[in-house]
2 protein chains.
Amino acid sequence: MKQVIVVNESLRLPRGKLAAQVAHASVDAFIRAPAQSQEQWLHDGMPKIVLHGDSDAALIELERIALEAGLPVALIADGGHTVVAPGTLTCLGIGPAERTLIDGVTGALKLVK
Amino acid sequence: MKQVIVVNESLRLPRGKLAAQVAHASVDAFIRAPAQSQEQWLHDGMPKIVLHGDSDAALIELERIALEAGLPVALIADGGHTVVAPGTLTCLGIGPAERTLIDGVTGALKLVK
């Protein structure tokens, strides 16, 4: 089991802001997952990776594909109080779910360093 | 209700690594909170902030104070597969809990930009 969070790197969010948005996606996708997936993922140590998305359009397309695959997803729009405009799509959480299912959606994306 | 994640900024983790560690702390502290706190926080839109911690010792001390205040906490040690040494303390999640209770522990800390 794993979880991935795809970041809209066109925004180049600063470190603290990015971390808060990724955490938001992580919790939001987690609570949408089936209880059995939640429990297995927690047992596995909550493996998660943060991946590079090119744009808001890329996040929307990945959300569509993940939903078609039956995966739990959470597309995060920022409240826009601080760094970015209201409604800006910052990241997409997918899973926890089976690694192979998630890799079928995000396997081609690079890690955010 | 809110949640804070205090980061060990002596490590200066790169953006993606920091985001994954903060997400880990966020989920881990969330699952340790009482159901009523979880529900209220989700209803409020999961407000969370990422704060600056000076060192691993600072995180340990904040964990002690938060536990004494009865708050749900999660102190995160990295697996050390990639960027940092195994067991390095990367961040501390506190809450979700009442804002005033959390501010009593972390109110003096600065935001991570």
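- Per an unreviewed UniProt entry, chain A goes by the name peptidyl-tRNA hydrolase and belongs to Povalibacter uvarum.
- Checking UniProt for chain A, the heading Sequence similarities (unreviewed entry) contains the comment "Belongs to the PTH2 family."
- Taken verbatim from the UniProt record of chain A, the Catalytic activity (unreviewed entry) comment is "an N-acyl-L-alpha-aminoacyl-tRNA + H2O = an N-acyl-L-amino acid + a tRNA + H(+)".

Regarding the interface of chain B and chain A
By a widespread convention, an interface's size corresponds to the accessible area lost as its parts come together.
Part 1 of the reasoning: Facing the 26 residues of chain B at the interface are 26 residues of chain A.
Part 2 of the reasoning: Both sides of the chain B and chain A interface together cover about 2,100 Å² of buried area, and 70% of this is carbon and sulfur.
Part 3 of the reasoning: Looking only at chain B, the three residues that lose the most surface to chain A are Arg-15, Val-27 and Met-46 of chain B, adding up to 32% of its buried area.
Part 4 of the reasoning: Joining chain B to chain A, the criterion identifies 2 salt bridges.
Part 5 of the reasoning: Across the pair Glu-9 of chain B and Arg-15 of chain A runs a salt bridge, and its minimum N-O distance is 2.8 Å.
Part 6 of the reasoning: On the surface where chain B and chain A come into contact, there are 8 residue pairs in polar contact (both at pLDDT 80 or more).
Part 7 of the reasoning: When contributions to the side of chain B that touches chain A are tallied by element, the ones reaching two or more residues are helix H1 (15-32), helix H2 (35-43) and strand S2 (48-53) of chain B.
Part 8 of the reasoning: A per-element tally of the side of chain B that touches chain A places H1 of chain B first, with 14 residues.
Part 9 of the reasoning: Across the side of chain B that touches chain A, the residue classes break down as 15 nonpolar, 4 polar and 7 charged.

Thresholds, definitions, all that
- Residues numbered from 1 in each chain as written.
- Chains lettered and ligands numbered in written order.
- Predicted model: local features only at pLDDT ≥ 70, side-chain atom pairs only at ≥ 80, totals over all residues.
- Heavy atoms only, no water.
- UniProt positions renumbered as here; feature names shortened; annotations may be inferred.
- Contact = heavy atoms within 4.5 Å.
- Buried area = accessible area lost by both parts, 1.4 Å probe.
- Salt bridge = Lys/Arg side-chain N within 4 Å of Asp/Glu carboxyl O.
- Polar contact = N/O pair within 3.5 Å; in protein donor to acceptor, adjacent residues only side chain to side chain.
- Helix = DSSP H or I, 4+ residues; strand = E, 2+ residues; numbered from the N terminus.
- Nonpolar A, V, L, I, M, F, W, Y, C, P; charged D, E, K, R; others polar.

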